[in-house]
Amino acid sequence: MSDKYVNFLKEKISDSSGIEIEKISSNINIFSNNYVDSIAIFTLFVEIEDRFNIEISVEDLENLDISTIEGLAKAIENAEQNN
Amino acid sequence: MQNKTISISVAKLCDTQNIMQFIHNVWRKEHILSRDKNLFLYEFQNGDYLNIIIAKDTQNNILGIFGFMKYNSHKNPDIAGSLWKVNPDVKEPFLGLKLREYFKENIKHNFFAAPGANLQTKPIYKILKMQWRQMKHYYLANKKLNQFKIAKNPILKDIKIHKPITEIAKITTIDEIKEFDFSSNTKVVPRKDLNYIKKKFYNHPRYTYDIYFLKEEGIIKNLFICRVAKVSTSTVYRIVDFYGELDYIDDIVQFLYQLIIKYNHEYLDFITYGLNNTLLLEAGFNALDFEDENTVIPNLFEPFVQKNSPIYCVSDKTDLEFRQFKADGDQDRPNL
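Residues numbered from 1 in each chain as written. Chains lettered and ligands numbered in written order. Predicted model: local features only at pLDDT ≥ 70, side-chain atom pairs only at ≥ 80, totals over all residues. Heavy atoms only, no water.

Colleague: Would you mind going over the pattern of salt bridges with me for this structure?
Modeller: A side chain of one charge can pair with a side chain of the opposite charge if their charged atoms are brought near each other. This model, assessed by the stated rule, comprises 17 salt bridges over all chains. The closest approach of N and O atoms between Glu49(A) and Lys129(B), which form a salt bridge, is 3.1 Å. Remark: Lys129(B) occurs in the loop between helix H5 (122-127) and strand S7 (131-134) and Glu49(A) occurs in helix H2 (residues 40-52); the pair is interchain, linking two chains. Judged by relative accessible area, Glu49(A) falls into the buried class, the value being 8%. Of the residues examined, Lys129(B) reaches a relative accessible area of 26% and is grouped as partly exposed. (Salt bridge = Lys/Arg side-chain N within 4 Å of Asp/Glu carboxyl O. Helix = DSSP H or I, 4+ residues; strand = E, 2+ residues; numbered from the N terminus. Buried < 20%, exposed > 50% of the residue type's maximum accessible area, 1.4 Å probe, protein only.)

Okay, structure coming up:
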């Protein structure tokens, strides 16, 4: 998997949460570790849609493993390839 | 808070106290819907149930709510969203979305709109593929007044006085408007009916609404509903709902302008989305420029906030004519 997805997500999460980018881990739960809250996650989704020209649906949120940066990055990669 | 098994369902009447407590604890302390049970039930009671979707844990704690109101008594009514809140301590991702999805799957409806959406929530609605809009705030200031205490520097405009071609009157009984054809324009959503007006305005437990009809050759062409808002000894008159087209808007504006002069209201205002901007301006309204800090036409009165307040509304995507007004959803609710 290309680093560009992980790097993009870490950068956006760092911007919104104030956590230093070096301290953001790719494989821990982004919700329980306060990387994002219930509003910030949707801002992140909109930024993902705009940056990678993909659409995120409610079904995606329910079916995909997006609880970690790694999971979310894989989901973006798959969606971009399917486009 | 640890994650516990969560169940989502339509709230029952017996959940009332719990939900009111949730509103107090999570939404805002002393929120009117957390302390005024009559108002709470007026807004949400639906027989033995409440028009609220709730998420609970195994210990019966309420974790989130999704409230709604019906616009009409159809089998698949048009619906307005109201309170939508999840306890932020619950680390259940997308619980708010799950509440909404439960609503979509279990509450039959034709069309959904949510007036008064918080700007912070815009990304959520974008992901939900709903339409996001900003309402316009029209106003007509009373030129006879020497000073304004509610408005700041309103633009003053002359109203062309003309001989009205219609009859306008305030109703005293609800029967006076039962002949209005609510389905005359099938392209307009949300669709409202007489029961909606009766419950929301005629029988409101706290506010006094003035319900007017406009007749042309004996046929009711428009209904409009107004309410006085007060700050100390100063008042304004607000059009909070509107039915029909704008063919006779000149007569309506002239009628209401004469009323605001008679009762020394500072201005008449009309918050709306979906009506023809040109016709409203030509009839005499100004459209508030939210960027202009010099002119202030407040929207919030309980408590009073002397600021311009942009108002947003969302809805299902539609090719139909979407219209919203100040009183849609729970936007014109008492707050003190």
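Past the structure itself, the notes keep going.
Colleague: Just checking my understanding: could you explain the nonpolar core for this structure?
Modeller: Within the largest apolar cluster, 51 residues are counted, with the highest numbers of intra-cluster contacts made by Leu9(A), Ile41(A), Phe42(A), Phe45(A), Ile48(A), Leu61(A) and Phe94(B). Here this core takes seven residues from H2(A), the largest share from any one element. The contacts of Leu9(A), once residues within four sequence positions are left out, are Leu44(A), Ile48(A), Ile69(A), Leu72(A), Ala73(A) and Ile76(A). One finds Cys226(B), Ile239(B), Leu268(B) and Phe325(B) within the second-largest nonpolar core, a separate group that totals 27 residues. (Core = buried A, V, L, I, M, F, W, Y, C linked by side-chain atoms within 4.5 Å. Contact = heavy atoms within 4.5 Å.)

Colleague: Looking at this structure, how should I read the pairing of strand S4 (residues 62-70) of chain B?
Modeller: All names here are of chain B. Of all the nine residues making up S4, eight are buried; the element is thus mostly covered by neighbouring parts of the structure. Where strand S3 (residues 49-56) lies against S4, five bridges are found, and the strand directions are antiparallel. Following the sheet pairing, Ile53 is matched in S4 by Phe66. As defined by bridge partners, S4 adjoins strand S5 (residues 78-86) across six bridges and the pair is classed as antiparallel. (Pairing = 2+ DSSP bridges.)

Colleague: Would you explain the interface of chain A and chain B in this entry?
Modeller: For an interface, size is often stated in terms of accessible area lost upon the parts coming together. Every contact between the two is made by 17 residues of chain A and, on the other side, 13 residues of chain B. The junction of chain A with chain B conceals about 1,400 Å² of combined surface from both sides, 76% of it contributed by carbon and sulfur atoms. Linking chain A with chain B are three salt bridges. Applying the counting criterion to the chain A and chain B interface returns two residue pairs in polar contact (both at pLDDT 80 or more). When residues of the side of chain A that touches chain B are traced back to their parent elements, those giving at least two are H2 and helix H3 (58-63) of chain A. Looking at the side of chain A that touches chain B element by element, the count peaks at seven residues for H2(A). For the side of chain A that touches chain B, a count of residues per class yields ten nonpolar, three polar and four charged. (Buried area = accessible area lost by both parts, 1.4 Å probe. Polar contact = N/O pair within 3.5 Å; in protein donor to acceptor, adjacent residues only side chain to side chain. Nonpolar A, V, L, I, M, F, W, Y, C, P; charged D, E, K, R; others polar.)

Colleague: Help me understand helix H6 (residues 194-202) of chain B in this model?
Modeller: Every α-helical turn comprises 3.6 residues, leaving residues that sit three or four positions apart pointing alike. Residues and elements named next belong to chain B. Here H6 has its buried residues at Tyr196, Ile197, Lys200 and Phe201. For H6, the buried positions fall inside an angular range of 95 degrees around the axis, keeping them on one side. Each element contacted by the buried residues of H6 is listed here: helix H3 (37-44), S4, strand S11 (210-216), strand S12 (219-231) and strand S13 (234-243). The N-cap residue of H6 is Asp193: its side-chain oxygen and the backbone nitrogen of Asn195 are 3.3 Å apart. (Arc of directions from axis to C-beta.)

Colleague: Looking at this model, I keep getting lost on the state of the cysteines. Mind explaining?
Modeller: Any covalent bond linking the sulfur atoms of two cysteines counts as a disulfide. All names here are of chain B. Inspection of the entire model under this criterion finds zero disulfides over all chains. Cysteine Cys313 is unpaired, with the sulfur of Cys226 as its nearest cysteine sulfur at 20 Å. Relative accessible area serves as the criterion here: at 0%, Cys313 is assigned to the buried category. (Disulfide = S-S within 2.5 Å.)

Colleague: Got a minute to help me understand the packing of aromatic side chains in this structure?
Modeller: The way to describe two aromatic rings as a pair is by their centre distance and the angle between their planes. All names here are of chain B. Tallying each qualifying case throughout the model produces 32 aromatic pairs over all chains. Where Phe66 meets Phe112, the ring centres are 6.1 Å apart and the plane angle is 25 degrees; that geometry is what we call stacked. With Phe66 in strand S4 and Phe112 in strand S6 (residues 111-117), this residue pair connects regions lying 46 residues apart in the sequence. One exposure class covers both Phe66 and Phe112, and it is buried. The structure contains a cluster of three or more aromatic residues connected by ring pairs, namely Phe66, Phe68, Trp84, Phe103, Phe112, Tyr125, Trp132 and Tyr312. Positioned over the ring face of Phe112 is Arg100, at 4.9 Å from the centre of the ring. Above the plane of the ring of Tyr207 lies Arg227, whose end atom (NZ or CZ) is 3.9 Å from the centre. (Phe/Tyr/Trp six-rings, centres within 6.5 Å; stacked < 30°, edge-to-face > 60°. Lys NZ or Arg CZ within 6 Å of the ring centre and 35° of its normal.)

Colleague: For this particular structure, what's the right way to read the packing of helix H1 (residues 3-17) of chain A against helix H4 (residues 69-82) of chain A?
Modeller: All names here are of chain A. Closest axis-to-axis distance for the H1/H4 pair is 9 Å, and the angle between their directions is 125 degrees. Considering their axes alone, H1 and H4 lie oblique with respect to each other. Between H1 and H4 lies a crossing of right-handed hand. Of the residues in H4, those touching H1 at Lys4, Tyr5, Val6, Leu9, Lys10 and Ile13 are Ile69, Leu72, Ala73, Ile76, Glu77 and Glu80. Here the contact of H1 with H4 is composed, by residue class, of eight nonpolar, no polar and four charged. (Axes fitted to C-alpha atoms, helices over the stretch in contact; angles between N-to-C directions. Parallel < 35°, antiparallel > 145°, perpendicular 65-115°, else oblique. Left-handed = near helix turned anticlockwise from the far one by under 90°.)

Colleague: Any chance you could explain the layout of surface pockets here in plain terms?
Modeller: Residue and element names in this part refer to chain B. Computed from the structure, the second largest pocket encloses a volume of approximately 400 Å³. In terms of lining residues, the second largest pocket is bounded by 24 residues, among which Glu43, Met69, Lys70, Tyr196 and Lys199 are the most central. Mapped onto the lining of the second largest pocket, the elements with two or more residues apiece are H3, strand S2 (45-46), S4 and H6. For the lining of the second largest pocket, the element with the highest residue contribution is H6, accounting for four residues. (1 Å grid on protein atoms, 1.4 Å probe; cavity = no way out; pocket = protein on both sides within 12 Å on 5 of 7 lines; lining within 4 Å. Points joined across faces, edges and corners; volume = space filled by probe spheres on them.)

Colleague: Whenever I open this one, unusual backbone geometry confuses me. Can you help?
Modeller: Trans is the common state for peptide bonds, and a negative phi is the common state for residues other than glycine. Residues and elements named next belong to chain B. For the bond running from Val189 to Pro190, omega is -5 degrees, close enough to zero to count as cis. Along the polypeptide, Pro190 turns up in the loop between strand S10 (188-189) and H6. The step from Glu302 to Pro303 runs through a cis peptide bond, and the omega angle for that step is 0 degrees. Backbone geometry at Ser232 places phi at a positive 60 degrees, although glycine is not the residue there. By relative accessible area, which is 63% here, Ser232 ends up exposed.

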